[in-house]
Amino acid sequence: MPLVPMKQILDEAKKGGYGVGAYNVNNMEQIQAIMQAARETQSPLIIQASKGALEYTSFTYLKHLMMAAAEENPDLPIALHLDHGPDLETVKKAIDIGFTSVMIDGSLDYSKKTDSGSHPARTFEDNIRVTKEVVDYAHACGVTVEGELGTLGGIEDDTHAESVHLTDPNEVEEFMAKTGADALAVAIGTSHGAYKFKEAPVLALDLVSEIHKRVPELALVMHGSSSVPQELVDRVNKYGGQMKKTMGVPMESIQEAIRCGVAKVNIDTDGRLVLTGVIRQVFTEKPSEFDPRKYLGPARKALAEFYALKMQQLGTAGHAKDYAPLTLEDMKKVYGDK
Ligand SMILES: [Zn+2]
């Protein structure tokens, strides 16, 4: 099966009332773990890579790893998504190598950086301008577009906002009417990275419900939605790590957000914690081990089990064969008819 446009995966999730995890990757073991989890639970899935991940892996390597994932799993709907695309140039490169979805993060100006390494927010008008430019290019290729309104806290890769603003539902309608984006990352109190919160967060779910009510055709996206389970942090620290006390977004809050209208749930940090914890454990328990397969293998297995559970919890499990997948060619026609 060729890779599927993300719009279809999210539209089906909205219809079915479940969420789809978007899992960040930058190496083979992560991709294999996610594919194993999706196979076992029969889940549609979104695999995503940030610009930083693509620079680490290279666009060409990631492309071939993803094509291998699709070739080995012809029965699963898989979308390949660019996470936090900073500009049209990066979007074009991603579409060139076969991404079926791109995010343009027009909420921040990635071309500018403050002394602390953060990016200033763009104005609403400027966000509309850069997002529209990407929508015009991507839709002509049948590719889905995710935009962002409002800014999230925390740091992950290069996504460090100078200040945090929740999404304003009043702006969403105008933004969507003027850009035509398919999905929207909303700032509702989640946060990027491992160090999200000191205590359980209260998400602005009323905002999600309000936006969903006003623009029902829009697929809403939660960024920074790792749960950072205590046992994963404890495992890292038990085997020599020094992670500080932290909290993520509890799964119950994510499930509630899905009921309010969220369709895509971004997860990165949790996967990093699983891999690091298991690798540390092997290094501690078997200090003479030097074969990468002996520590990457167990880490990959633990990650597959962890993500299979996520797919159950998000409600994605069992939905892989609900619909006949569309191609980018099909989507070109859909966008062309509008
Ligand atoms: Zn993000």
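Conventions used here
- Residues numbered from 1 in each chain as written.
- Predicted model: local features only at pLDDT ≥ 70, side-chain atom pairs only at ≥ 80, totals over all residues.
- Core = buried A, V, L, I, M, F, W, Y, C linked by C-beta atoms within 7 Å.
- Buried ≥ 20, exposed ≤ 12 C-beta atoms within 10 Å, placed from the backbone.
- Helix = DSSP H or I, 4+ residues; strand = E, 2+ residues; numbered from the N terminus.
- Contact = placed C-beta atoms within 7 Å.
- Arc of directions from axis to C-beta.
- Pairing = 2+ DSSP bridges.
- Right-handed = clockwise from strand over helix to strand, strands pointing away.
- Axes fitted to C-alpha atoms, helices over the stretch in contact; angles between N-to-C directions.
- Parallel < 35°, antiparallel > 145°, perpendicular 65-115°, else oblique.
- Left-handed = near helix turned anticlockwise from the far one by under 90°.
- Nonpolar A, V, L, I, M, F, W, Y, C, P; charged D, E, K, R; others polar.

S.K.: Even after reading the chapter, I still don't get the nonpolar core, so can you show me in this structure?
M.R.: The nonpolar side chains of a soluble globular protein tend to be buried with one another. Ile34, Ile47, Val102, Leu184, Val186, Leu220 and Tyr307 are the most contacted members of the largest nonpolar core, which totals 96 residues. With eight residues, helix H12 (residues 292-314) is the single largest residue contributor to this core. Aside from chain neighbours lying at most four places away, what touches Ile47 is Tyr23, Val25, Ile31, Ile34, Met66, Ile78 and Leu80.

S.K.: Would you explain helix H5 (residues 88-96) in this entry?
M.R.: In an α-helix, one turn spans 3.6 residues, which is why side chains three or four residues apart end up on the same side. Among the residues making up H5, those that are buried are Thr90, Val91, Ala94 and Ile95. The buried side chains of H5 occupy one side of the element, clustering within an arc of 135° when seen end-on. Exposed residues on H5 whose side chains face more than 90 degrees from its buried face are Glu89 and Asp96. On its buried face, H5 is in contact with helix H3 (51-57), strand S3 (78-85), strand S4 (101-104) and helix H6 (124-139). Where H5 terminates, the next one or two residues include Gly98, which has phi positive at roughly 110°.

S.K.: Mind showing me how you'd approach the pairing of strand S7 (residues 183-186) here?
M.R.: Burial of the side chains of S7 extends over both faces: Ala183 and Ala185 are buried on one face and Leu184 and Val186 on the other. Judged from the four bridges that link them, strand S5 (residues 144-149) and S7 form a sheet pairing that is parallel. Counterpart to Gly147 in the pairing with S7 is Leu184. As defined by bridge partners, S7 adjoins strand S9 (residues 219-222) across four bridges and the pair is classed as parallel. Pairing of Val186 across the sheet is with Met222, part of S9.

S.K.: Hey, could you run me through the pairing of strand S2 (residues 45-50) in this one?
M.R.: Consecutive side chains of a regular strand alternate in pointing toward one face of the sheet and then the other. Across the six residues of S2, six count as buried, placing the element largely inside the fold. Covered by surrounding structure in S2 are Leu45, Ile47 and Ala49 together with Ile46, Gln48 and Ser50, the residues of both alternating faces. Examined bridge by bridge, strand S1 (residues 20-24) and S2 share three bridges and lie parallel to one another. Paired with Ala22 across the two strands is Ile46, which belongs to S2. Crossover S1 to S2 through helix H2 (residues 28-41) is right-handed. As paired elements, S2 and S3 share six bridges and run parallel to each other. The residue bridging Leu45 from the neighbouring strand is Ile78, located in S3.

S.K.: Please explain the environment of Pro229 as it appears in this structure.
M.R.: On the secondary structure map, Pro229 appears in the loop between S9 and helix H9 (230-238). Expressed as a C-alpha distance, the spacing of Pro229 and Lys92, which sit 137 residues apart in the sequence, is 36 Å.

S.K.: What am I meant to see in the packing of H2 against H12 here?
M.R.: Two quantities define a packed helix pair, namely the angle between the axes and the distance from one axis to the other. At their nearest, the axes of H2 and H12 sit 8 Å apart, and the two run at 40° to each other. As summarised for this structure, H2 and H12 are arranged oblique, according to the angle between their axes. At the point where H2 passes H12, the crossing takes the right-handed sense. Contact residues: H2 offers Glu29, Gln30, Gln32, Ala33, Ile34, Gln36, Ala37, Ala38, Glu40 and Thr41, while H12 offers Leu296, Ala299, Arg300, Leu303, Ala304, Tyr307, Ala308, Met311 and Gln312. Class assignment of the residues belonging to the contact of H2 with H12 gives a composition of eleven nonpolar, five polar and three charged.

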